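# Observations on the model geometry
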Amino acid sequence: MNSIKLLRTLAKRFPKSIKTPGDHVGLMTGKLPEDIKSIVLCLDFDDVALDEIKKLGIKPDLILTHHPFIYGTKYRVFKHDEIKKDLCERIDNLGIPVYSMHTNFDTGKDGMNDALAEALGLQNIVQLETCKMARGGELKEAMEIHEFAKYANKCLSIEYSHLVHGGKDMIKKVAIIGGGGSYKYVNAMLEGYDIYISGDTPHHIRRDVISNKFNYLDVSHEVERIFMPQMKKILREIDPDIQVTIINHENLPELITE
């Protein structure tokens, strides 16, 4: 498929206009080929991802990531990050461009947070009125909060999570933002949800949740691995002939209990 046509089609669904101010999305490095027949998807492009691509013996026409490969200008990033500079030089020498879709994918319809809400089996999924990136919905039946946490872990394909239980014991209405959206718990609370799910929660927010008598399920940022199957589905809808390879190389940190 023509590369410009493909990216314009994606841009209609996930326009840059809906990204978070200051975010960096789009072409990170390299030059787009005229046509794109094969794409590698990964949450982050790093040395481990490049090693996996080499092991597979493939040379994709495009690497499409969720998190921006270069967060800022090359000059400013490479000035303080020699590892990323070296990696960029190596991928440029291979002639493989890297393109990233971040908070525009988080916010857009059928993007990250719709996919996570659907994975939880929520019904009547909507954007929160006060936070368009977040999604909210209802469980088919109310669940005891600890049972819900176990259920969420299973649905989101994660081994563990951290529950901050300061509010209701029974969960029916659920709001979620994948990644690091802990500070948006207030939006979910004020809109009447029973629990909010996100990640990267600092201590002071956990204390605020308890003070506000609310519930928070802190999940690892790696829950965003759902980006790959969701984007693969979208790409196949656009052009079923595109070859899509998923590099799923990011695991949760080890949980040490003893």
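Residues numbered from 1 in each chain as written. Predicted model: local features only at pLDDT ≥ 70, side-chain atom pairs only at ≥ 80, totals over all residues. Heavy atoms only, no water.

Here the focus is the overall build of the protein. In terms of regular secondary structure, the protein is built from 10 helices and 11 strands. When the backbone C-alpha atoms are referred to their principal axes, the protein occupies close to 55 × 40 × 35 Å. Per-residue burial for the protein yields a buried fraction of 48% across its 258 residues. Relative to all contacts within the protein whose residues are 6 or more apart in sequence, the contacts with residues 24 or more apart total 66%. Accessible surface, the protein as shown: approximately 12900 Å² in total, 50% of it carbon and sulfur. Within the protein, the 38 negative side-chain charges are centred at a point lying 5 Å from the centre of the 34 positive side-chain charges. (Helix = DSSP H or I, 4+ residues; strand = E, 2+ residues; numbered from the N terminus. Buried < 20%, exposed > 50% of the residue type's maximum accessible area, 1.4 Å probe, protein only. Contact = heavy atoms within 4.5 Å. Areas by Shrake-Rupley, 256 points an atom, 1.4 Å probe, with all protein chains shown as cover. Lys, Arg positive; Asp, Glu negative; His and termini not counted. Charge placed at Lys NZ, Arg CZ, Asp CG, Glu CD.)

The subject of this paragraph is the layout of surface pockets. The calculated volume of the largest pocket comes to roughly 270 Å³. Along the wall of the largest pocket there are 19 residues; nearest its centre are T20, T103, M133, G180 and Y183. Examining the composition of the lining of the largest pocket, we find that 3 residues originate from one element, strand β6 (residues 131-144), more than from any other. (1 Å grid on protein atoms, 1.4 Å probe; cavity = no way out; pocket = protein on both sides within 12 Å on 5 of 7 lines; lining within 4 Å. Points joined across faces, edges and corners; volume = space filled by probe spheres on them.)

Moving on, we come to the pattern of salt bridges. The full count for this structure, using the stated rule, is 9 salt bridges. Between D110 and K109 there is a salt bridge; the shortest N-O distance is 3.4 Å. The class for D110 is partly exposed, based on a relative accessible area of 24%. Taking relative accessible area as the criterion, K109 reaches 60% and is therefore assigned exposed. Put simply, R13, K109, D110 and E237 are held in one network by salt bridges that share partners. (Salt bridge = Lys/Arg side-chain N within 4 Å of Asp/Glu carboxyl O.)

Let us now look at the sheet that holds strand β2 (residues 38-42). The mixed open sheet is built from 5 strands, whose spatial order is β1-β4-β3-β2-β11. The two strands at the open ends of the sheet, each matched to only one other strand, are β1 (26-29) and β11 (243-247). Each strand of the sheet is rotated relative to its neighbour by a mean of 30°, with strand direction disregarded. (Pairing = 2+ DSSP bridges. Axes fitted to C-alpha atoms, helices over the stretch in contact; angles between N-to-C directions.)

Two faces belong to every sheet, and in a regular strand the side chains alternate between them. Here strand β3 (residues 62-65) shows no split at all, with L62 and L64 on one side and I63 and T65 on the other all buried. One ladder, built from 4 bridges, connects β2 with β3; its direction is parallel. Bridged to V40 within β3 is I63. Running through helix α2 (residues 47-56), the crossover from β2 to the neighbouring parallel element β3 is right-handed. Examined bridge by bridge, β3 and strand β4 (residues 98-100) share 3 bridges and lie parallel to one another. Across the sheet, the residue bridging to T65 is S100, located in β4. (Right-handed = clockwise from strand over helix to strand, strands pointing away.)

Attention now goes to the sheet that holds β6. Pairing in this open sheet of 6 strands is mixed, and the strands run β5-β6-β8-β9-β10-β7 from one edge to the other. Lying at the two open borders of the sheet, with one neighbouring strand each, are β5 (123-128) and β7 (162-165). Ignoring strand direction, the axes of neighbouring strands in this sheet form an average angle of 25°. One ladder, built from 4 bridges, connects β5 with β6; its direction is antiparallel. Across the sheet, L128 pairs through a bridge with C131, a residue of β6. Its contacts with the sheet place helix α6 (residues 112-119) against β5, β6 and β8 (170-176), and it is angled at close to 0° to β6.

The next thing to look at is helix α4 (residues 82-93). For α4, which comprises 12 residues, the first-to-last C-alpha distance of 16 Å matches the rise-based estimate of 16 Å (1.5 Å per residue) to within 8%. Taken as a whole, α4 has its buried residues at L87, C88 and I91. For α4, the arc enclosing every buried residue in end-on projection is 100°, short of the 170-degree limit, so these residues lie on one face. In α4, the exposed residues that point more than 90 degrees away from the buried face are E82 and N93. Against β1, α2, β3, α3 (74-80) and β4 lie the buried residues of α4. Regarding α4, its N-cap is D81, as a side-chain oxygen of that residue lies 3.3 Å from the backbone nitrogen of I83 further along. In the stretch just after α4, G95 is the one whose phi turns positive, near 75°. (Expected span 1.5 Å × (residues − 1). Arc of directions from axis to C-beta. Polar contact = N/O pair within 3.5 Å; in protein donor to acceptor, adjacent residues only side chain to side chain.)

These results come straight from atomic positions and should not be treated as a statement about function.
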